[in-house]
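Observations on chain architecture
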Amino acid sequence: MSQPTALCVYCGSSSGRHPEYAEQAHAFGTEMARRGIALVYGGGNVGLMGVVADAVLAGGGKVIGVIPRQLVELEVAHPGLSELVVVETMHQRKTRMYELSDAFVALPGGFGTMDEMFEMLTWAQLGLHRYPCAFLDVRGYYRDLRQMMQHMVQENFVRAEQRDGIWFGDSMAELFDWMAAYQGSYVPKWIDTRSVDA
């Protein structure tokens with residue numbers, strides 16, 4: 001794979017407890033714009049979502065927001081995007097964001113960030129896509145999640161190859177290099193065929 005053309009970023013609609021979260025979100029958006037990578041995200045004007053979008057826009061980049069109608073006011077839909085797609089449901093939002101993107105990165109966030117990112121991990125596990133999925137680990141935010149994934153492997157619920165195909169780290173330069181060199185491959189989900197033999 002070459003450098004992504006449209007990167008889907010999942011992150012919080014809050015800014016978090018530490019200023020470094022917003023600082024890194026801004027730096028990430030700035031780097032996306034510098035590299036000419038379009039941002040696909042949840043369409044909000046608040047929290048880390050707004051920080052990333054504003055940084056890409058300030059750098060002259062393209063930003064596409066996708067937001068359910070019911071959240072337009074709650075998440076304060078960003079008024080200055082290159083394009084704002086309003087959908088009816090959360091399921092439509094996730095599907096449309098996937099359709100518009102060729103890579104997925106999670107910055108710090110809450111339940112929504114986990115829901116969206118893990119759906120992409122599950123789709124990759126099932127062979128529905130072969131796009132890179134990564135966690136930018138600001139302040140060690142995803143350290144315990146990485147350990148949990150290792151536990152899943154040890155307990156035979158996830159293949160080691162599937163876990164190893166997910167990038168974790170705190171270096172933006174290394175992340176962009178990894179995405180540019182990424183070679184997607186499909187590893188069958190099932191660890192034990194007795195799980196599916198009925």
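Glancing now at the state of the cysteines. In this structure the tally under the stated criterion is zero disulfides. Free of any disulfide, Cys 11 has its nearest cysteine sulfur in Cys 8, 9.5 Å distant.

What follows is about the nonpolar core. Counting residues in each nonpolar core, the largest one holds 29 residues, and the members touching the most others are Leu 7, Phe 28, Met 32, Leu 39, Val 105, Leu 107 and Leu 136. When residues of this core are traced back to their parent elements, those giving at least two are β1 (6-10), α1 (19-35), β2 (38-41), α2 (47-58), β5 (103-106), β6 (133-136) and α7 (172-181). Of all hydrophobic cores here, the second largest spans 24 residues; its members include Ala 6, Ile 64, Val 87 and Tyr 98.

Taking strand neighbours across the sheet as the criterion, the seven strands line up as β4-β3-β2-β1-β5-β6-β7 in an open arrangement whose pairing is parallel. In the strand order of this sheet, the two ends are held by β4 (83-87) and β7 (166-169), each with one partner. For this sheet, the mean angle separating the axes of adjacent strands, direction not counted, is 20 degrees. Sheet analysis places β2 next to strand β3 (residues 63-68), joined by three bridges and oriented parallel. Along β3, the bridge assignment pairs Leu 39 with Val 63. In the packing of helix α4 (residues 111-125) onto the sheet, the strands contacted are β1, β5, β6 and β7, and the crossing angle to β6 comes to about 150 degrees. Its contacts with the sheet put α7 on β1, β5, β6 and β7, and the angle it makes with β6 is roughly 180 degrees.

As a further point, take the pattern of salt bridges. The tally for this structure, following the rule as stated, stands at nine salt bridges. In this structure, the salt-bridge partner of Arg 96 is Glu 99, at a minimum N-O distance of 3.0 Å. In this pair, Arg 96 and Glu 99 both sit in helix α3 (residues 90-99), three residues apart, roughly one turn of the helix. Residues joined in a network through salt bridges with shared partners are Glu 31, Arg 34 and Arg 35.

Moving on to the packing of α1 against α7. Contact geometry of α1 with α7 gives a least axis separation of 11 Å together with a crossing angle of 45 degrees. Between α1 and α7, the crossing angle belongs to the class labelled oblique. Handedness of the α1/α7 crossing: right-handed. From α1, Gln 24, Ala 27, Phe 28, Glu 31, Met 32 and Arg 35 reach across to α7, where they touch Met 172, Leu 175 and Phe 176. Considered class by class, the residues forming the contact of α1 with α7 number six nonpolar, one polar and two charged.

In this section: unusual backbone geometry. Unusually for a residue other than glycine, Arg 139 sits at a positive phi of about 55 degrees. Position of Arg 139 relative to the elements: it lies in the loop between β6 and α5 (143-154). You can call Arg 139 partly exposed: its relative accessible area is 44%. A positive phi angle, near 65 degrees, is found at Asn 156, a position not held by glycine. With respect to the secondary-structure elements, Asn 156 resides in the loop between α5 and α6 (160-164).

Along α7, the residues that are buried comprise Met 172, Leu 175, Phe 176 and Met 179. When α7 is viewed along its axis, its buried side chains cluster within an angular range of 95 degrees and face the same direction. Facing away from the buried side of α7 by over 90 degrees, the exposed positions are Glu 174, Asp 177 and Ala 181. On its buried face, α7 is in contact with β1, α1, β5, β6 and β7.

Cut-offs and rules
- Residues numbered from 1 in each chain as written.
- Predicted model: local features only at pLDDT ≥ 70, side-chain atom pairs only at ≥ 80, totals over all residues.
- Heavy atoms only, no water.
- Disulfide = S-S within 2.5 Å.
- Core = buried A, V, L, I, M, F, W, Y, C linked by side-chain atoms within 4.5 Å.
- Buried < 20%, exposed > 50% of the residue type's maximum accessible area, 1.4 Å probe, protein only.
- Helix = DSSP H or I, 4+ residues; strand = E, 2+ residues; numbered from the N terminus.
- Pairing = 2+ DSSP bridges.
- Axes fitted to C-alpha atoms, helices over the stretch in contact; angles between N-to-C directions.
- Contact = heavy atoms within 4.5 Å.
- Salt bridge = Lys/Arg side-chain N within 4 Å of Asp/Glu carboxyl O.
- Parallel < 35°, antiparallel > 145°, perpendicular 65-115°, else oblique.
- Left-handed = near helix turned anticlockwise from the far one by under 90°.
- Nonpolar A, V, L, I, M, F, W, Y, C, P; charged D, E, K, R; others polar.
- Arc of directions from axis to C-beta.

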